[in-house]
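Listed below, chain by chain, are the residues.
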Amino acid sequence: MRMLWRTGRLTLLRLLVPILVAALCTPVFGGAAQAREAPRDFGVVSYTGIDEAGKAAAPRLAERSGDLGEAARRTARQLGQTSSLDPLATKAATDPRRPPGEPGGTEVDDCLNSEGAHNRFGRVYNRFMWCQRYQLEAKKFTTGQTGTRLTASMTMEFSAVAYGRDDGKRGITVFFRGDDADYWPTTKGYIRPESMLYQRVGCFGESGCGEDFSHTGMQIKDWIGRWTSFELTSDGSVSSMPDKVSRHLWFFHGYVIDSWNFRLADGQSDQRTIRCDSATNFGLKRRGACVFDDVIPHLQYSVNDDRVDEVAKHIRCAQAEPWCERDGAPFQTYPRKEAAKLIPGKFHPGERNDDLALHRINASKTPDPRYTKNRNVVRSTCATLPTDIYDTSKGQQCDEYPFASTAEGAACCEAPKFDWDFSVMGAFKDDNECAGRALKKYYRDDRILYEQDGFFVHIKDDPPAGSDSCEAIPPEEDEPEDGGGTPPANLAPTANAGPDVSGDEGAAVTLRGSASDPENDPLTLTWSVTPGPGVDPGAFCSFSSSSSAATTVSCTDDGTFTLTLTARDAVNGPASDSATLTLGNVAPGLGPLPVARASTADDPATPPDTPGVHEPRPWQVFRAGTEVTHVAAYTEPGANDTHTCVTDWDDGTSSTYAGDELTCRATHTFTHPGMYTIKTKVTDDDTGSDTADVLIIVYDPDAGFATAGGHLTSPAGALTGDPSATGRGHFQFNPKYHPHDEGPAPRNGKVSYEVKGLPLDLTSSTLEWLVVTPDDKIAVKGVSGDQGFVLYAYDSNPDRFRLVVWPTSAGDYPTTTLTYDNVRGAGYDLDMAQPQTIDHGSIQAHR
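Only a predicted model underlies this, so the values are computations on that prediction, with no experimental measurement involved. (Residues numbered from 1 in each chain as written. Predicted model: local features only at pLDDT ≥ 70, side-chain atom pairs only at ≥ 80, totals over all residues. Heavy atoms only, no water.)

1. Concerning the overall build of the protein chain
Alright, step 1. When helices and strands are counted, the protein chain shows seven helices and 51 strands.
Alright, step 2. Per-residue burial for the protein chain yields a buried fraction of 54% across its 847 residues.
Alright, step 3. Considering only residue pairs separated by 6 or more positions, the protein chain has 69% of its internal contacts joining residues 24 or more positions apart.
Alright, step 4. Total accessible area computed for the protein chain in this model is approximately 35,300 Å², and 50% of it derives from carbon and sulfur atoms. (Helix = DSSP H or I, 4+ residues; strand = E, 2+ residues; numbered from the N terminus. Buried < 20%, exposed > 50% of the residue type's maximum accessible area, 1.4 Å probe, protein only. Contact = heavy atoms within 4.5 Å. Areas by Shrake-Rupley, 256 points an atom, 1.4 Å probe, with all protein chains shown as cover.)

2. Quick notes on the pattern of salt bridges
Alright, step 1. Counted under the stated rule, the structure contains 40 salt bridges.
Alright, step 2. Linking Arg316 and Asp461 is a salt bridge whose minimum nitrogen-to-oxygen distance equals 3.0 Å. Residue Arg316 is located in helix H5 (residues 309-319), and its partner Asp461 is located in the loop between strand S23 (454-460) and strand S24 (494-496); the two are separated by 145 residues in the primary sequence.
Alright, step 3. Under the relative-accessibility criterion, Asp461 is labelled partly exposed at 45%.
Alright, step 4. Salt-bridge contacts for Arg444 lead to Asp445; the nearest nitrogen and oxygen are separated by 2.8 Å. (Salt bridge = Lys/Arg side-chain N within 4 Å of Asp/Glu carboxyl O.)

3. Structural notes on the sheet that holds strand S28 (residues 524-531)
Alright, step 1. Pairing is mixed in the open sheet, where four strands are placed in the order S25-S32-S31-S28. Edge positions in the sheet fall to strand S25 (501-504) and S28, since each of these pairs with one other strand and no more. Strand-to-strand twist in this sheet, taken as the mean axis angle between neighbours without regard to direction, amounts to 25°. (Pairing = 2+ DSSP bridges. Axes fitted to C-alpha atoms, helices over the stretch in contact; angles between N-to-C directions.)

4. Overview of the side chain of Arg286
Alright, step 1. Locating Arg286 in the fold gives a position in the loop between strand S15 (272-277) and strand S16 (289-292).
Alright, step 2. Polar side-chain contacts of Arg286 include one of 3.2 Å to the side chain of Glu477.
Alright, step 3. Non-local contacts of Arg286, meaning those with residues more than four positions away in its chain, are made with Thr94, Asp95, Pro96, Arg97, Asp166, Gly168, Ala279, Arg444, Arg447 and Glu477. (Polar contact = N/O pair within 3.5 Å; in protein donor to acceptor, adjacent residues only side chain to side chain.)

5. Let's talk about the sheet that holds strand S36 (residues 643-648)
Alright, step 1. Strand order in the open sheet formed by five strands is S34-S40-S39-S36-S37, and the pairing between neighbours is mixed. Here the strands that pair on one side only, and so sit at the sheet edges, are strand S34 (620-623) and strand S37 (654-658). Neighbouring strand axes in the sheet, compared pairwise and without regard to direction, differ in orientation by 25° on average.
Alright, step 2. Alignment of S36 against strand S39 (residues 674-684), held across six bridges, turns out to be antiparallel. Along S39, the bridge assignment pairs His643 with Asp684.

6. Brief notes about the packing of H5 against helix H7 (residues 429-445)
Alright, step 1. Where H5 meets H7, the closest approach of the two axes is 7 Å, and the angle between their N-to-C directions is 75°. With respect to each other, H5 and H7 are oriented roughly perpendicular. Where H5 approaches H7, its residues Asp309, Glu310 and Val311 are matched on the opposing element by Asp431, Asn432 and Ala435.
Alright, step 2. Considered class by class, the residues forming the contact of H5 with H7 number two nonpolar, one polar and three charged. (Parallel < 35°, antiparallel > 145°, perpendicular 65-115°, else oblique. Nonpolar A, V, L, I, M, F, W, Y, C, P; charged D, E, K, R; others polar.)

7. Some details on the environment of His740
Alright, step 1. Inspection of the secondary structure assignment puts His740 in the loop between strand S42 (727-733) and strand S43 (751-755).
Alright, step 2. The exposure class of His740 is exposed, given its relative accessible area of 77%.
Alright, step 3. Along the primary structure His740 and Pro701 are separated by 39 residues, whereas in three dimensions their C-alpha atoms are 7.8 Å apart.

8. Structural notes on the side chain of Ser234
Alright, step 1. Here Ser234 shows up in strand S12 (residues 228-234).
Alright, step 2. If we skip the residues at most four places from it in the chain, Ser234 touches Arg170, Gly208, Ser246, His248, Cys276 and Cys290.

9. Considering the packing of aromatic side chains
When we look at a pair of aromatic rings, we describe it by the centre distance and by the angle of the planes.
Alright, step 1. Scanning the entire structure with this criterion turns up 31 aromatic pairs.
Alright, step 2. Measuring from centroid to centroid gives 5.9 Å for Tyr47 and Phe252, while their planes differ by 15°, and the two rings are stacked. With Tyr47 in the loop between strand S3 (40-46) and helix H1 (61-64) and Phe252 in strand S13 (residues 246-257), this pair connects stretches of sequence that are 205 residues apart.
Alright, step 3. For Phe252, a relative accessible area of 1% puts it in the buried group. (Phe/Tyr/Trp six-rings, centres within 6.5 Å; stacked < 30°, edge-to-face > 60°.)

10. Considering the pairing of strand S8 (residues 171-184)
Alright, step 1. With ten of 14 residues buried, S8 lies mostly within the body of the structure.
Alright, step 2. Where strand S7 (residues 147-163) and S8 come together, eleven bridges link them in antiparallel fashion. Pairing of Glu157 across the sheet is with Asp180, part of S8.
Alright, step 3. Across six bridges, the pairing between S8 and S12 is antiparallel. What sits directly across from Phe176, in S12, is Thr228.

11. Here we look at the nonpolar core
Alright, step 1. Grouped together as the largest cluster of nonpolar side chains are 61 residues, with contacts concentrated most on Leu136, Met154, Trp250 and Phe252.
Alright, step 2. When residues of this core are assigned to their parent elements, the largest contribution, six residues, is made by S7.
Alright, step 3. Of all hydrophobic cores here, the second largest spans 47 residues; its members include Ala708, Leu767, Val771 and Val780. (Core = buried A, V, L, I, M, F, W, Y, C linked by side-chain atoms within 4.5 Å.)

12. Considerations on H7
Alright, step 1. Spanning 17 residues, H7 covers 24 Å between terminal C-alpha atoms, matching the ideal 24 Å at 1.5 Å per step.
Alright, step 2. Here H7 has its buried residues at Asp431, Asn432, Cys434, Ala435, Ala438, Leu439, Lys441, Tyr442, Tyr443, Arg444 and Asp445.
Alright, step 3. Directly after H7, the chain includes Arg447, whose backbone phi takes a positive value near 50°. (Expected span 1.5 Å × (residues − 1).)

13. Section: the environment of Cys131
Alright, step 1. As for its placement among the helices and strands, Cys131 is situated in strand S6 (residues 129-144).
Alright, step 2. Put simply, Cys131 and Phe121 are ten residues apart on the chain and 9.1 Å apart in space, counted from C-alpha to C-alpha.
Alright, step 3. The residues touching Cys131, leaving out its near neighbours within four places in the chain, are Cys111, Leu112, Ala117, Gly122, Arg123, Ala160 and Val161.

14. Considerations on the state of the cysteines
Alright, step 1. Tallied over the full model, the rule gives nine disulfides.
Alright, step 2. Note that Cys111 is cross-linked by a disulfide to Cys131, the S-S spacing being 1.9 Å. In this structure the cystine formed by Cys111 and Cys131 twists about its S-S bond by roughly -95°; its chirality is therefore left-handed. Linking Cys111 in helix H3 (residues 106-112) with Cys131 in strand S6, this pair joins segments that are 20 residues apart in sequence. Judged on exposure class, the residue Cys111 and its partner Cys131 are both buried.
Alright, step 3. Between the sulfur of Cys412 and that of Cys413 lies a disulfide, 1.0 Å long from S to S. Handedness of the Cys412-Cys413 disulfide follows from its S-S torsion of about -60°: it is left-handed. (Disulfide = S-S within 2.5 Å.)

15. Points about the confidence of the model for the protein chain
Alright, step 1. Here the protein chain shows a mean pLDDT of 86. Residues at 70 or above account for 87%.
Alright, step 2. Every residue in residues 50-66 scores below 50 in pLDDT, and together they form 31 contacts with partners more than four places removed in sequence or on other chains.
Alright, step 3. Scored below 50 in pLDDT, residues 594-605 shows 15 contacts in the model against residues more than four places distant or in partner chains. (pLDDT = per-residue confidence, 0-100.)

16. Brief notes about the pairing of S15
Alright, step 1. Among the six residues in S15, six count as buried, and that is most of the element.
Alright, step 2. As judged from the five bridges shared by S13 and S15, these two strands associate in the antiparallel manner. Bridged to Arg247 within S15 is Arg275.
Alright, step 3. Note: S15 against S16, four bridges, orientation antiparallel. Among the inter-strand pairings, Arg275 is bridged to a residue of S16, identified as Val291.

This is the structure we're talking about:
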């Protein structure tokens, strides 16, 4: 109700103005921000964890511009990561590699548990698998004139595994699993298990990288304990490189929307490199692949492997120039020269210099001319070797290093390239042929391209692993003529986005998409979203799984959206289909009155846990002239919606201001005593609204006092438990503040009320506050034994009186459990109390 006698002063504050920052700032803990300082909230998501040591090895983005191949080699050197492959440890005839349904097995466990995985860059386990076990952090800060303080944080321990492939598809699959999450200050802070974490895998670098810009969004708790997959593809048609080679930088990208619809600044992990190609020399089934390139690829032979030990000893000796030790004496390999020989290809841990590496060349039935030259030089040189080095009568073959199938072979090299030396030595036929088969298997399994991949050879002492066989790879994968011929006809896949769907903003809507391939080839699926013309800017959608045909989608605003499902196989262009998503607006909800929560110094950042008015408390008492802070929390499923709050202060004034972080927050100063019902209405930008109110008490010790005495007829129904009882009620009261009293309790006066013939005889034992308004309305609250009471009186013509009594066990103020009320059903606000006309006596407000 508006009071005609006063237009109150309004102090309007805009709190919690959100800003987004691009980097995590170090919190400087100062004093708590005061309401007048207009504090600002900001936050950020980070994938870089707490590892400081790794920063020195971090490949900066500036270093990434330019040659991505050199950037990958530099990263491999800095991180000391290697891709070691013993080609004799696994079978030669294997199916092309493709990502599994989810990570598992001894290799995954070994990778995730290794020290190299526990840093901000993760570990390239081999050319077809990467892993990481690290931390994702989300932090929210509030900053003001007195400093910056951390208000909430979440730290998630996570595991991630990425798989390359060589099954004809150019792409990788990345898996993410949350392992555990810690919340500060509690799980009921601004960032909660129910807050939303949105993630995707992105890429940039050379053109052709197909990334899904739609995030997968789930509550933080739902990321824990489950693998979520993401897909990246590479379009080789846009590459001008040999074998359609493309290199892309890939990374995690994510953000958090806290439980108050505040979006923390997006975070991005460090980048790793993938190398994708469409080489044909691995056979028809492997004409497309992507491998992890931040690694030092190297072939392994063991001198303790009976199958290849003579070749391994020869290579170790060649790599040991200027000499090795043979039969206890220094020995230089053939062909000998006066100076020390310079032979490339030796593996050095932590080093990747492609100028010192070996580079594969075509050694097929129609070979690179350099291969033929290498073989000719080897033959002529071997013919000159003494029999203690090479003896055909003992069944030896002439073994050469570097390999004839590399550009650095015996005939290497013509200007301007470096003129490398080489080594030849006799080796038994079985050893030599087994080592040759192992080399071809290594080329295939580590996806070593012609010319473009530098690799190294590591001679080790470890005993061999795997079977005792020495199998050759299938002929169709051993540099087949014309790449294995013309691929069979392959029909394009089909995609079906399913029927048009509808729902509400913020709610998950089920999608029933599907996709198929005529040849039953594995498909890569992605969903994308295009907002319609009427959708508010800033709206976005996320999927529970953006790489599954059957999934759910939720959007942060209402409107019409186009959902597109795209299917890709390894051969054809993408196939797409679209459906329409129509979402309705959901009004914000102020909800019921929240339950009061005790606050402690140890829990400074816990926000209101339920919607409704949180400040001031119902029937809270303020002295006139002091500032009242009003805080009302509301719900809103549409995170993109904006809100306008209007607070009616019930003194003839109102405030209009922007809601922020699901909160209406303002201050006001009441200058006259009274009982005020503060009403707040929140409206979203689609006109949905809700309202909540709270009653407060404003007293003024200097405003006056009241005296009264008289009687009235107590009506039927006034006394609880005896609805027909009536009687004559006698009242008397004289509450008064002493001079210089601060209040709110008046130190003088009593309240008494008795109804003849009824069991009601009330005399105050304590008075809690007194209100005397400028328009001669009076309210007094107090206690009589185990009963609380509020007395309402109007000094008017005629005078009016009301008394509400309730058991104190039912609460600090009257609700629905009453002992007595002579005006049942009237409001408890002094202006809405509707006191009963007295039969005899006088009520006077003394101002």
